[in-house]
Amino acid sequence: MLNQLVLVGRLVREPELKETENGKKVTNITLAVPRNYKNEEGVYDTDFIDCTLWNSVAENTTEYCKVGDMVGIKGRVASYNYEKDNQKFSGMKVQAEKVTFLASSRENKEKNEEEQER
């Protein structure tokens, strides 16, 4: 059996590094991933996918990536269950194993400004 996925998208907010009670580094990010087909209105819908990054992957992503940057993520899907105020919650989240920095939003902004000046 196989539980592996690859995502390419843009960060929708600044990554924020946190530390767990037992000293592990963690950051949660959300990727905006456009679908490869148009909806009924002729517009590409976008999925917003939550991902959890641990230890050195979390530290490097927090240090080098900003909102709007394009990244690739290789990881797996993990399910979770918990109870809060007598309500049960469950869901799925991507556990990132590797993050590849693909393009900076600053680079794209500079390229667009240069093209507009021409």
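In this report, the structure presented in the accompanying data block is examined. Just so you know, these numbers come straight off a predicted model, no measurement behind them.

**Looking at the overall build of the protein**
Turning to step 1, where the next piece is worked out: Looking only at helices and strands, one finds two helices and six strands in the protein.
Turning to step 2, where the next piece is worked out: Each helix (α) and strand (β) of the protein, taken in turn from the N terminus, gives the series β-β-β-β-α-β-β-α.
Turning to step 3, where the next piece is worked out: The burial tally for the protein puts 28% of its 118 residues in the buried class.
Turning to step 4, where the next piece is worked out: Sequence separation of 24 or more characterises 58% of the internal contacts of the protein that already satisfy a separation of 6 or more.
Turning to step 5, where the next piece is worked out: Counting every atom, the protein has about 8,700 Å² of accessible surface; 46% of that belongs to carbon and sulfur.

**What about the pattern of salt bridges?**
Note that side chains of opposite charge can pair when their charged atoms are close.
Turning to step 1, where the next piece is worked out: Scanning the model with the defined rule gives five salt bridges in all.
Turning to step 2, where the next piece is worked out: Between Glu19 and Lys25 there is a salt bridge whose closest N-O contact spans 3.0 Å.
Turning to step 3, where the next piece is worked out: Ionic pairing is found between Lys74 and Glu97, a salt bridge with its closest N-O pair at 3.5 Å. Of this pair, Lys74 sits in strand E5 (residues 70-84) while Glu97 sits in strand E6 (residues 87-103), and the two are 23 residues apart along the sequence.
Turning to step 4, where the next piece is worked out: Using a relative accessible area of 41% as the deciding quantity, one classes Glu97 as partly exposed.
Turning to step 5, where the next piece is worked out: Each of the salt bridges in this network shares a partner with another, and the network as a whole consists of Arg35, Asp45 and Asp47.

**A short note on a nonpolar patch on the surface**
Turning to step 1, where the next piece is worked out: Together, Val6, Val8 and Leu102 give the surface a local cluster of nonpolar side chains, amounting to about 280 Å² of exposed area.
Turning to step 2, where the next piece is worked out: Mapping Leu102 onto the fold places it in strand E6.
Turning to step 3, where the next piece is worked out: Here Leu102 falls in the partly exposed class, since its relative accessible area comes to 44%.

**Topic: the pairing of strand E3 (residues 25-38)**
Turning to step 1, where the next piece is worked out: Looking at chain direction, strand E1 (residues 5-11) and E3 are connected through two bridges and run antiparallel. Bridge pairing links Leu11 to Leu31 in E3.
Turning to step 2, where the next piece is worked out: One ladder, built from two bridges, connects strand E2 (residues 18-19) with E3; its direction is antiparallel. Each bridged residue has a counterpart across the sheet, and for Lys18 the counterpart in E3 is Val26.
Turning to step 3, where the next piece is worked out: Where E2 folds back on E3, the antiparallel hairpin that results is connected by five residues, among which Gly23 adopts a positive phi of roughly 90°.
Turning to step 4, where the next piece is worked out: Judged from the 10 bridges that link them, E3 and strand E4 (residues 44-54) form a sheet pairing that is antiparallel. Looking at the pairing, Thr30 lines up with Asp50 of E4.

What counts, and at which threshold
- Residues numbered from 1 in each chain as written.
- Predicted model: local features only at pLDDT ≥ 70, side-chain atom pairs only at ≥ 80, totals over all residues.
- Heavy atoms only, no water.
- Helix = DSSP H or I, 4+ residues; strand = E, 2+ residues; numbered from the N terminus.
- Buried < 20%, exposed > 50% of the residue type's maximum accessible area, 1.4 Å probe, protein only.
- Contact = heavy atoms within 4.5 Å.
- Areas by Shrake-Rupley, 256 points an atom, 1.4 Å probe, with all protein chains shown as cover.
- Salt bridge = Lys/Arg side-chain N within 4 Å of Asp/Glu carboxyl O.
- Patch = residues over 30% accessible without salt bridge, like charges linked within 9 Å, V, L, I, M, F, W, Y side chains within 5 Å.
- Pairing = 2+ DSSP bridges.

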